[in-house]
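Chain by chain, the residues:
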Amino acid sequence: MRVESVRGMRDILPEEAWVWQAVEEMLRQVFALYGYEEIRLPVVERAELFSRGVGETTEVVHKEMYVFPDRKGLELALRPEATASVVRAYLEHGLYAKGGVTKLYYLGPMFRYEKPQMGRQRQFHQYGVEALGSLDPALDAEVMALAWHLMEALELRGEHLLFRVNSIGCREDRPKYREALRSYFAPHAAGLCPDCQRRLEENPLRILDCKEPACRELAGAAPRATDHLCPGCKEHFGQVLSFLDALGLVYVEDPTLVRGLDYYTRTVFELASRELGAQDALLGGGRYDDLAELLGGAPTPGVGFAGGMERLILVLTGQGVGAQERPLLDVYVVPIGGEAKRPAVELLTRLRKAGLAADMDYVGRSLRKMMEIAGKRARYALILGPDELVRDQATVKNLATGESQTFSLAEVPERLRGLAERSC
RNA sequence: GGGAGCGUAGCUCAGUUGGCAGAGCACCGCGCUGUGGCCGCGGCGGUCGCGGGUUCAAGUCCCGUCGCUCCUCCCA
């Protein structure tokens, strides 16, 4: 049988890849507006980075991570997310030594062993930002504003987007809140779904975002994380919300919002789209003030988020982005007869050196066919036949208007550049 | 991990109670090597996902398997 790609890992073909490039370009521009610089991280890390950072008991780590030993038996993992790597790199290279807030962004593939479906692949791609070194609630709000700015820059229609925010407190608050949840749910344990009965012991916070109707109903009246915050966390959350208001950001406070990664503290948020079906989270993030310590570094607060490229592009194409024309060639060179081949090849090179995107046929297509290809792919056809050659000329045809002009071979690249610039 | 549906040409899909493998689009050629879009004619293109089974005969029925899609789950 023919060798095929691995389940959950797909190719992004040119017809789609150019949309990715355009989106990535837009993301980079907006990141730069907020003072973020790119960091490029390895795709493979020590498995320990994630079991310590993201949490041994999280689904992402203990059920979905690609783990394998290298040839010397070192436990490695394909990264399931990038925040732990960013913090690892921050500590490893002493980026804190520069003082102030370190703002980093990344783009790249992540890996999780899940059942693939629409908007969920085993190799998927995330864009994300991390701001390290400040506890300031204004920074939480700024990170969220940046996320919203991205959506606006990409012209995502706001009515399909919902920003949810919550605070899950610090490491002192969390055990207390967990206990509060346990004692609330314990008497109703029989009414919970089997998963949640297990969660009651392991991680009662996750009962809150269970979608089982019975669990949801119970969760509705459950104690709220925001009622179990220490004074410091309460103050912080209040400040975050007031900065969000000041920035004019529309959001919903959602006391059931809990994230699946253990490193989150205080602020957590999520941006969902109604256009995505079951996998509706476009991006998610929050604060992770203990992560640096979990990884053996000095205490360093941080906030950030990560978004899924595939889902972003799904929403964008759903809104008709990418339906317009792909970038065209400037020129398609059409030689007529064998004599013209050599000058055509030479001319191609000169066109390209002049900065014009140019191509020609290499499979021996008929003149008519070459013109047809030119009409589809290029703005101009450059016809080079015996008639032109005797005069050292070429015919340039504007494929949108059908008009032709004749130029001397020597000046063709220059003249075409002039035409191409005017028509842009 | 649990549940459901679907896999036929590059793409979108027909294919009757089991009886010769089809269409449209795309691609290539010709009409028309001196000019693309329209039209006409012709052509290329298939391990019917894969492997078994039932049958005189399987795209069609049965079992398994892989893949995709949806729900659940998880999250980006």
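One can find the structure itself at the top, above this paragraph.
To keep things clear, this report deals only with the structure shown in the data block. (Residues numbered from 1 in each chain as written. Chains lettered and ligands numbered in written order. Predicted model: local features only at pLDDT ≥ 70, side-chain atom pairs only at ≥ 80, totals over all residues. Heavy atoms only, no water.)

### Quick look at the protein's contact with RNA strand B
Near RNA strand B there are 52 residues, and of these Met118, Arg199, Arg206, Leu367 and Glu388 occur at the shortest range. Each atom of RNA strand B within 4 Å of the protein was classed as base or backbone; sugar and phosphate made up 48%. One of the side-chain nitrogen or oxygen atoms of glutamate 64 is found 2.9 Å away from a sugar or linking oxygen of RNA strand B. Per element, the largest residue contribution to the surface near RNA strand B is seven residues, and it comes from helix H13 (residues 367-377). Of the residues contributing to the surface near RNA strand B, the split by class is 16 nonpolar, 15 polar and 21 charged. (Near = heavy atom within 4 Å. Polar contact = N/O pair within 3.5 Å; in protein donor to acceptor, adjacent residues only side chain to side chain. Helix = DSSP H or I, 4+ residues; strand = E, 2+ residues; numbered from the N terminus. Nonpolar A, V, L, I, M, F, W, Y, C, P; charged D, E, K, R; others polar.)

### A look at the sheet that holds strand S6 (residues 123-132)
Either a parallel or an antiparallel arrangement is found when strands of a sheet pair, and the pairing is made through backbone hydrogen bonds. With mixed pairing, the eight strands of this open sheet are ordered in space as S1-S5-S6-S11-S10-S9-S7-S8. With partners counted over all chains shown, the strands left at the sheet margins are strand S1 (37-38) and strand S8 (252-253), one partner each. The strands touched by helix H5 (residues 137-153) are strand S5 (102-111), S6, strand S7 (161-167), strand S9 (265-273), strand S10 (281-287) and strand S11 (302-308); relative to S11, the strand with the most contacts, the crossing angle is about 20°. Contacts between helix H11 (residues 309-318) and the sheet are confined to S6, S9, S10 and S11, with S6 contributing the most and set at about 105° to the helix. (Pairing = 2+ DSSP bridges. Contact = heavy atoms within 4.5 Å. Axes fitted to C-alpha atoms, helices over the stretch in contact; angles between N-to-C directions.)

### Brief notes about the environment of alanine 410
On the secondary structure map, alanine 410 appears in the loop between strand S16 (404-408) and helix H15 (412-423). We classify alanine 410 as exposed; its relative accessible area is 63%. Between the alpha carbons of alanine 410 and leucine 162 there is a distance of 59 Å; along the sequence they are 248 residues apart. (Buried < 20%, exposed > 50% of the residue type's maximum accessible area, 1.4 Å probe, protein only.)

### Some thoughts on the packing of aromatic side chains
In total, this model carries nine aromatic pairs according to the counting rule given. Here the aromatic rings of phenylalanine 31 and tyrosine 105 are separated by 4.6 Å at their centres, their planes lie at 35°, and the arrangement is tilted. Here phenylalanine 31, found in helix H1 (residues 14-33), pairs with tyrosine 105, found in strand S5; they are 74 residues apart in sequence, far enough to count as distant. The exposure class of phenylalanine 31 is buried, given its relative accessible area of 0%. The class of tyrosine 105 is buried, set by a relative accessible area of 6%. Residues tyrosine 66 and tyrosine 113 carry aromatic rings whose centres are separated by 5.6 Å and whose planes lie at 75° to one another, so their mutual orientation is edge-to-face. Of this pair, tyrosine 66 sits in the loop between helix H3 (59-62) and strand S3 (67-69) while tyrosine 113 sits in the loop between S5 and S6, placing them 47 residues apart in sequence. What makes tyrosine 66 buried here is its relative accessible area of 19%. (Phe/Tyr/Trp six-rings, centres within 6.5 Å; stacked < 30°, edge-to-face > 60°.)

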